[in-house]
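Secondary and tertiary structure notes
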Amino acid sequence: MIHTVKIDDSTAAGKRFMRDFHKIRKGIAFENPALTGKAPEGYMTGEEFWTIVEKDTKQFCKENGIL
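Residues numbered from 1 in each chain as written. Predicted model: local features only at pLDDT ≥ 70, side-chain atom pairs only at ≥ 80, totals over all residues. Heavy atoms only, no water.

Counting its regular elements, the chain contains three helices and zero strands. Starting at the N terminus and ending at the C terminus, the chain contains elements arranged as α-α-α. Taken along its principal axes, the extent of the C-alpha atoms in the chain is 60 × 25 × 20 Å. Total accessible area computed for the chain in this model is approximately 6700 Å², and 57% of it derives from carbon and sulfur atoms. (Helix = DSSP H or I, 4+ residues; strand = E, 2+ residues; numbered from the N terminus. Areas by Shrake-Rupley, 256 points an atom, 1.4 Å probe, with all protein chains shown as cover.)

The end-to-end C-alpha distance of helix 3 (residues 46-63) is 26 Å, a good match for the 26 Å that 18 residues give at a rise of 1.5 Å each. G65 lies just past helix 3 and shows a positive phi near 70°. (Expected span 1.5 Å × (residues − 1).)

This brings us to the packing of aromatic side chains. Throughout the structure, instances matching the rule amount to two aromatic pairs. With a centroid separation of 5.0 Å and 75° between ring planes, the pair formed by F49 and W50 is classed as edge-to-face. With relative accessibility at 57%, the residue W50 sits in the exposed group. (Phe/Tyr/Trp six-rings, centres within 6.5 Å; stacked < 30°, edge-to-face > 60°. Buried < 20%, exposed > 50% of the residue type's maximum accessible area, 1.4 Å probe, protein only.)

Taken as a whole, this structure holds two salt bridges when the rule is applied. Two residues, E54 and K58, come together in a salt bridge whose shortest N-O distance is 3.3 Å. Pair noted here: E54 and K58 are both in helix 3, with a separation of four residues, about one helical turn. Overall, E54 belongs to the partly exposed group, its relative accessible area being 47%. For K58, a relative accessible area of 42% gives the class partly exposed. (Salt bridge = Lys/Arg side-chain N within 4 Å of Asp/Glu carboxyl O.)

Okay, here's the thing in structure tokens:
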């Protein structure tokens, strides 16, 4: 069985867990979105963000007579 666990590594307990268990290779896998390039559910990539910002900015400018 695989469990998804969220660890807050800004807390003492989270830091201790990451320190102690990050070295274990068998049975534990850490997924780092920064390394895999896959954004977690509910997040967007930088490219998607800038596409939306550009679209929203153009729409705002047209609605307010700037363009």
